[in-house]
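What the coordinates show
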Amino acid sequence: MKKRILLWVSMFVIGITMMTGCGKDSKNETKEVTIGVQDTDISAIVASEKGYFDQVLKEENIDAKVKLVMFDAGPAIMEAFSANSLDFGCLGDQPCISAIATGCPAEIIGTYRTQKTGTAVIANREAGIEKVADLKGKKIGLTLGSNAEHLLNIVLEDAGLTQKDVEIVALEQADILSVLQTGDIDAAAVWEPRISQSKEYAFRLADGEGTYDKDGKQTKKTAYKFFCNPFAANTAFTSENKEITTAVLKALEMGAKYTDENTEDAIRILADYTGVDAEVASASVNCEDRDVKITDEKIDAFKATVEFLIASGQFDTSGENSVIKSADDITKYINTSYYDAMQ
């Protein structure tokens, strides 16, 4: 009987200790904030490596810690948003807007990159491709749902072709170059650093500013696409953490400013972090603008992407679950209040 009483007392004490301990830990626990990045997202990587996230959070007396999570492409980032396993993400506008349109809990609170030449359609030099029209009947590697798909469709359409005139091979960006080099595909839609990494066996056929020949000479100058990459936020997170959201955006802007003012060192930081050759890394850094502010020009770029997605049948605007039925609807998911709070 005494042993049983002692056992009950022991269990009671342990239980009280555990509850007290848990209460203390949950109250003082440092909040982990996650940001999805890709291997050329230099502003976020520099902000992390230079300690800007920690600095701003400390200045605001916020007990939180930022963690970068590497992704291969934007669609996977939005999948993590839908699973509520990611708080912020650096990605292209097409995967971001496509996910928002189908109910993903996300909003665009800034941009981390705009560019016209950092995404391209490249072709294997041995594939018999001299011009865009030569893509007819060829195998093209593509990460479905990415910004590169939008560019590919625009380029094909300008040459009188559609995806039905080529054979699309669905591939992740990490796998595209090895498949292209072996000749198992003839061309691919990619973004930096893969454009630069492939220059020994492939050439830039088209990008946001026009088309090119094998020697790099521009054969047609035209404004195919202005790539505007949003810094997206998970609304499940931002609705409860407005101060953290503003702090994160401020630190991202600091990373962008450091990159602009100390570009060579920023490239070194990016190369060290990702393992990408510094010369290759510089190709993506030097072709972009990193201003985080959302401007009218950027909103127009987002609208153009919506129009493309509707015209290409990727949005079912008649569906009850579609929250974006026209280009103007995307403005409902652009939130500039966090940037305004930084000023």
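Residues numbered from 1 in each chain as written. Predicted model: local features only at pLDDT ≥ 70, side-chain atom pairs only at ≥ 80, totals over all residues. Heavy atoms only, no water.

1. A few points about the pairing of strand β11 (residues 218-221)
- Pairing of strand β10 (residues 210-212) with β11, which is carried by 3 bridges, proceeds in the antiparallel orientation. Looking across to β11, one finds that Gly210 is bridged to Lys221. (Pairing = 2+ DSSP bridges. Helix = DSSP H or I, 4+ residues; strand = E, 2+ residues; numbered from the N terminus.)

2. Details of unusual backbone geometry
- In this model, Glu192 is joined to Pro193 through a cis peptide bond whose omega is 10°.
- Relative to the helices and strands, Pro193 is located in the loop between β8 (187-191) and α8 (194-197).
- A positive phi angle, close to 60°, is found at Asn61, a residue other than glycine.
- Here Asn61 is to be found in the loop between α3 (52-59) and β2 (64-70).
- With phi around 55°, Asn84 is a residue other than glycine that occupies positive phi space.
- With respect to the helices and strands, the residue Asn84 is situated in the loop between α4 (74-82) and β3 (88-90).

3. Considerations on the sheet that holds β3
- The sheet built from 6 strands is open, its strands ordered β2-β1-β3-β12-β4-β13 with mixed pairing. Each edge of the open sheet carries a strand with a single partner, namely β2 and β13 (288-289).
- As paired elements, β3 and strand β12 (residues 227-234) share 3 bridges and run antiparallel to each other. Paired with Phe88 across the bridge in β12 is Ala233.
- Its contacts with the sheet put helix α5 (residues 93-101) on β4 (106-115) and β12, and the angle it makes with β12 is roughly 45°. (Contact = heavy atoms within 4.5 Å. Axes fitted to C-alpha atoms, helices over the stretch in contact; angles between N-to-C directions.)

4. Some remarks on the environment of Phe203
- Tracing the sequence through the fold places Phe203 in strand β9 (residues 202-207).
- Along the chain, Phe203 and Ile122 lie 81 residues apart, while their C-alpha atoms are 5.4 Å from each other.
- Not counting residues within four places of it along the chain, the set of residues in contact with Phe203 comprises Val121, Ile122, Ala123, Asn124, Arg125, Ile129, Tyr212, Asp213 and Lys214.

5. Structural notes on α5
- Among the 9 residues in α5, 8 count as buried, and that is most of the element.
- Regarding α5, the residues found buried are Asp93, Gln94, Pro95, Cys96, Ile97, Ala99, Ile100 and Ala101.
- Check the buried side of α5 and you find it contacts α4, β4, α6 (147-158), β12 and α13 (296-311).
- Phi for Gly103, located one or two positions after α5, is positive at around 100°. (Buried < 20%, exposed > 50% of the residue type's maximum accessible area, 1.4 Å probe, protein only.)

6. Describing the pattern of salt bridges
- The tally for this structure, following the rule as stated, stands at 16 salt bridges.
- Note that Lys214 is salt-bridged to Glu130, the shortest N-O span being 3.7 Å. Residue Lys214 is found in the loop between β10 and β11, and its partner Glu130 is found in the loop between β5 (119-124) and β6 (139-142); the two are separated by 84 residues along the sequence.
- Classification of Lys214 as partly exposed rests on a relative accessible area of 25%. (Salt bridge = Lys/Arg side-chain N within 4 Å of Asp/Glu carboxyl O.)

7. Considering the confidence of the model for the protein
- Looking at the protein, pLDDT values average 89 and 92% of them are 70 or higher.
- No element of the protein has a lower mean pLDDT than helix α1 (residues 2-28), which averages 41, and none a higher one than β6, which averages 98.
- Taken as a whole, residues 1-26 scores under 50 in pLDDT and shows 0 contacts with residues more than four places along the chain or in a different chain. (pLDDT = per-residue confidence, 0-100.)

8. With respect to the pairing of β12
- Among the 8 residues that make up β12, 8 are buried, leaving the element largely enclosed by the rest of the structure.
- Direction of pairing for β4 relative to β12: antiparallel, over a ladder of 8 bridges. The residue bridging Thr114 from the neighbouring strand is Cys228, located in β12.

9. A few points about the packing of α5 against α6
- Interhelical geometry of α5 versus α6 gives an angle of 105° and a closest axis separation of 6 Å. Compared by their axis directions, α5 and α6 come out roughly perpendicular. Residue-level inspection shows Asp93, Gln94 and Pro95 of α5 in contact with α6, the latter providing Asn147, Glu149 and His150.
- Broken down by class, the residue content of the contact of α5 with α6 amounts to 1 nonpolar, 3 polar and 2 charged. (Parallel < 35°, antiparallel > 145°, perpendicular 65-115°, else oblique. Nonpolar A, V, L, I, M, F, W, Y, C, P; charged D, E, K, R; others polar.)

10. Concerning the packing of aromatic side chains
- Within this structure, the stated rule accounts for 3 aromatic pairs.
- Plain terms: the ring middles of Phe88 and Phe231 are 5.6 Å apart, the flat faces sit at 5° to each other, and that makes the pair stacked. With Phe88 in strand β3 and Phe231 in strand β12, this residue pair connects regions lying 143 residues apart in the sequence. By the burial criterion, Phe88 is buried, and Phe231 matches it.
- Aromatic ring contacts, followed pair by pair, group Phe88, Phe231 and Phe237 into a single cluster.
- Note that Lys225 overlies the ring of Phe227, its terminal NZ or CZ placed 5.2 Å from the centroid. (Phe/Tyr/Trp six-rings, centres within 6.5 Å; stacked < 30°, edge-to-face > 60°. Lys NZ or Arg CZ within 6 Å of the ring centre and 35° of its normal.)

11. Regarding the sheet that holds β11
- One open sheet holds the 7 strands; their spatial order is β7-β6-β8-β5-β9-β10-β11, and the pairing between them is mixed. Strands at the two margins of the open sheet, each flanked by one partner only, are β7 (167-170) and β11. Each strand axis lies, on average, 25° off the axis of its neighbour in the sheet, ignoring direction.
- The pairing of β6 with β7 spans 4 bridges and is parallel. Bridge pairing in β7 places Leu142 opposite Ala170.
- Of the strands in this sheet, β5, β6, β7, β8, β9 and β11 touch α6, which is tilted by about 65° from β5.
- Sheet strands touched by helix α7 (residues 173-182): β5, β6, β8 and β9. Its angle to β8, the strand with the most contacts, is close to 145°.

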